[in-house]
Amino acid sequence: MITLENLKFHEMIGMQTKIIKSTNSQFNNIKGRIIDETKSTFTLSTTNGLKKFPKQQNQWEFQLNGAKISLNGRMISKKPEDRIGMKKWLNLQKIRLNL
């Protein structure tokens, strides 16, 4: 189940997002549904068609269960499959530290 706490580890295709801060001011406040994702980019379906944006240079806002969360693009700038597997790796590290 996707929660605000674990969103950065999940698949993001299909989610609505908005760029709330960018190094390129023309990207600010662009919103749309994520239809594709690579290590470095999101492809959004916007009111003006499909647009590709770099992850790292933007601050992304997501809504989940009525709450908003903001993620720095550097936190999610990984291939989706690597980001998803990272949660399991972090949990294993926590277990090892407790031994």
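Definitions and limits used
- Every residue gets a number counted from 1 within its own chain, in the order that chain's sequence is written.
- A pLDDT threshold of at least 70 governs which residues receive local features in this predicted model, and a stricter bar of 80 or more applies before side-chain atom pairs are shown or counted, although totals over entire chains, interfaces and linings include all residues.
- Excluding hydrogens and water, the side-chain figures rest on all heavy atoms present in the structure.
- Put simply, DSSP H or I for four residues or longer makes a helix, DSSP E for two residues or longer makes a strand, and each gets a number counted from the N terminus.
- When accessible area is computed with a 1.4 Å probe and restricted to protein chains, residues below 20% of their type maximum are described as buried, those above 50% as exposed, and intermediate ones as partly exposed.
- It only takes one pair of heavy atoms within 4.5 Å for two residues to be counted as in contact.
- Within 6.5 Å between ring centres, the rings of Phe, Tyr and Trp (the latter by its six-membered ring) count as paired, and their orientation is classed by plane angle as stacked under 30 degrees, edge-to-face over 60, tilted in between.
- A ring is considered to have a charge above it if a Lys NZ or an Arg CZ atom is located within 6 Å of its centre and within 35 degrees of its normal.
- We call two strands paired when DSSP finds no fewer than two bridges between them.
- Residues enter a nonpolar core if they are buried and are Ala, Val, Leu, Ile, Met, Phe, Trp, Tyr or Cys, with the set joined through side-chain atoms within 4.5 Å.

A. The arrangement of the overall build of the chain in detail. When helices and strands are tallied, the chain shows 1 helix and 6 strands. Of all 99 residues assigned to the chain, the portion counted as buried reaches 31%. A separation threshold of at least 6 residues defines the contact pool for the chain, and within that pool the share at least 24 residues apart is 43%.

B. Representation of the packing of aromatic side chains. The tally for this structure, following the rule as stated, stands at 2 aromatic pairs. Pairing Phe27 with Phe53 gives two aromatic rings, centres 4.9 Å apart and planes at 85°, and the pair type is edge-to-face. Taken together, the positions of Phe27 in the loop between β1 (16–22) and β2 (31–37) and Phe53 in strand β4 (residues 49–54) put the pair 26 residues apart, joining distant regions of the chain. Across the pair, Phe53 and Phe27 agree in class, each one buried. Relative to Trp60, the ring of Phe42 lies with its centre 4.9 Å away and its plane at 90°, an arrangement referred to as edge-to-face. In this pair, Phe42 sits in strand β3 (residues 41–46) while Trp60 sits in strand β5 (residues 58–64), placing the two residues 18 residues apart along the sequence. Accessibility classification places Phe42 together with Trp60 in one group, the buried group. Note that Lys55 overlies the ring of Phe42, its terminal NZ or CZ placed 5.0 Å from the centroid.

C. Inspection of the pairing of β5 at higher detail. Burial within β5 is extensive, with 5 of its 7 residues counted as buried. Direction of pairing for β1 relative to β5: antiparallel, over a ladder of 5 bridges. If you follow Lys21 over to β5, its bridge partner there is Gln59. Note that β5 and strand β6 (residues 67–72) share 6 bridges and pair antiparallel.

D. Spotlight on the nonpolar core. One finds Leu7, Met12, Phe42, Trp60, Phe62 and Leu71 to be the most contacted residues of the largest nonpolar core, which totals 15 residues. Of all elements in the fold, only β3, β5 and β6 reach the threshold of two or more residues within this core. A per-element tally of this core places β5 first, with 3 residues.

E. How the structure looks around the pairing of β1. The pairing of β1 with β2 spans 3 bridges and is antiparallel. Along β2, the bridge assignment pairs Thr17 with Gly32.

F. Representation of unusual backbone geometry. Backbone geometry places Asn29, a non-glycine residue, at a positive phi of 70°. Considering the arrangement of structural elements, one finds Asn29 in the loop between β1 and β2. Non-glycine residue Asn65 carries a positive phi angle of around 55°.

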